[in-house]
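# Inside the fold
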Amino acid sequence: MSRILVAGGAGFVGSHLCAFLLGRGDEVVAVDNLITGRVENLEEFVDDPRFEFVKADVIEEVPVGGPFDSVLNLASPASPKDYFAEPIATLEVGSRGTKNLLDVARAQNARFLMASTSEVYGDPLVHPQTEDYRGNVNPTGVRSVYDEAKRYAEAITASYAREFGVEVRIARIFNTYGPRMRPEDGRVVSTFLTQAARGEPLTVYGDGSQTRSFCYVDDLVAGLVGLLDSDAEGPVNLGNPGEFTIAELAKIVDEMFGPVEIRHEPLPEDDPMQRKPDISRAQKLFGWVPKVELRQGLPPTYDAIRDEVL
Ligand code: NAD
Ligand code: UDP
């Protein structure tokens with residue numbers, strides 16, 4: 001049994017992670033300022049005596065007492081719509097917020113896990129992306145508030161390991177979906193499923209030839225915990241290598257939950273053209289492979305969104 005601090009625990013991924021950790025017997029303290037998270041995400045386990053929720057902004061302080069065995073940093077707006085709306089808060093949580101959480105890990109002699117992102121690869125020129133690829137990020141573009149914050153977060157995490165001997169793990173998470181995504185969060189899966197539930201056209205940005213690889217949240221949580229418990233040094237990709245164009249995703253949503261029309265809208269600035277993880281490191285280091293295919297993961301996600309929007 002461990003006592004674990006989860007920053008961003010009221011978010012989409014964070015709440016599933018809290019549930020998993022409680023389920024295996026850990027004590028969990030979730031810290032969240034609810035900028036993009038929701039207390040409803042905690043409903044399933046909020047009364048568990050091994051769970052505590054602290055509303056706080058980790059940019060300012062982390063007002064929780066130890067001891068902690070692990071500190072997991074998932075605090076950050078994650079959807080482009082969210083970080084476009086909160087550019088400075090996104091930069092600050094990746095930088096000051098990450099430093100504050102690293103200081104907790106250092107003081108508590110706890111292991112630190114950084115939830116980084118495939119966005120550190122920017123609009124990648126290497127495909128699929130391996131961890132040694134250094135990326136193609138526009139440092140002043142609209143997405144830089146997220147990409148560069150996460151790159152800084154990785155850099156300071158690696159520095160705390162070198163300078164202070166903090167044990168660190170870095171997960172580079174690729175597009176993840178599942179129940180508890182906000183219907184209006186702007187991400188493609190939640191948006192298409194919300195539109196399908198309402199019988200509205202699916203908004204495909206650009207010609208839809210850009211690709212993404214979609215991981216079901218339960219698989220991601222298993223990967224995060226596997227990484228936390230492993231000896232993996234250096235960044236590790238976590239994602240489902242199944243790659244789809246956005247046009248293909250729209251077609252699947254139409255077939256499974258439609259019929260719905262498709263409406264093309266302009267492609268946002270610096271939108272990455274392709275993305276697919278090479279997960280051989282995660283597989284080799286802690287035997288992780290995602291199990292849930294897109295067509296299996298979409299129905300529970302759709303049901304949760306439909307129940308919310310209808
Ligand atoms: P989310 O927006 O649902 O969750 C993020 C949580 O962090 C929210 O509850 C939010 O309120 C909280 N938060 C943000 N700023 C904070 C601050 N200053 N202080 C305290 N809490 C703060 O997003 P998510 O999809 O659950 O993502 C979780 C983490 O995983 C993020 O760090 C994100 O960058 C990373 N990630 C997610 C994906 C994905 O596809 N879901 C992909 C790559 C990386
Ligand atoms: N996208 C789209 N329609 C939408 C929302 C997103 O076509 O309503 C596209 C978006 O341009 C991108 C892909 O889907 O190419 C994934 O977008 P998302 O915001 O989910 O994640 P990210 O761009 O961060 O991978």
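Look up a bit, the structure's there.
Scope of this entry: the structure provided in the associated data block. Here the structure is a predicted model, which is why all the values come from computation and not from measurement. (Residues numbered from 1 in each chain as written. Chains lettered and ligands numbered in written order. Predicted model: local features only at pLDDT ≥ 70, side-chain atom pairs only at ≥ 80, totals over all residues. Heavy atoms only, no water.)

### Quick word on the pairing of strand S11 (residues 235-238)
Side chains of S11 alternate between two faces, with Pro 235 and Asn 237 and Val 236 and Leu 238 buried alike. As judged from the 4 bridges shared by strand S6 (residues 168-173) and S11, these two strands associate in the parallel manner. The residue bridging Ile 173 from the neighbouring strand is Leu 238, located in S11. (Buried < 20%, exposed > 50% of the residue type's maximum accessible area, 1.4 Å probe, protein only. Helix = DSSP H or I, 4+ residues; strand = E, 2+ residues; numbered from the N terminus. Pairing = 2+ DSSP bridges.)

### Some thoughts on the pattern of salt bridges
A complete count under the given rule lists 24 salt bridges for this structure. A salt bridge links Arg 96 to Glu 92; its shortest N-O distance comes to 2.8 Å. Highlighted residues: Arg 96 and Glu 92, both in helix H3 (residues 87-108), separated by 4 residues, approximately one helical turn. Given the relative accessible area of 37%, Arg 96 is considered partly exposed. Among the ionic pairs, Asp 271 bridges to Arg 212, the shortest N-O distance being 3.2 Å. On the criterion of sequence distance, the pair formed by Asp 271 in the loop between strand S13 (262-265) and helix H8 (280-286) and Arg 212 in strand S9 (residues 211-213) is long-range, its members being 59 residues apart. By relative accessible area, which is 13% here, Asp 271 ends up buried. Arg 212 sits in the buried class, given a relative accessible area of 6%. Through salt bridges with shared partners, a single network forms among Glu 119, Arg 143, Arg 212, Asp 271 and Arg 275. (Salt bridge = Lys/Arg side-chain N within 4 Å of Asp/Glu carboxyl O.)

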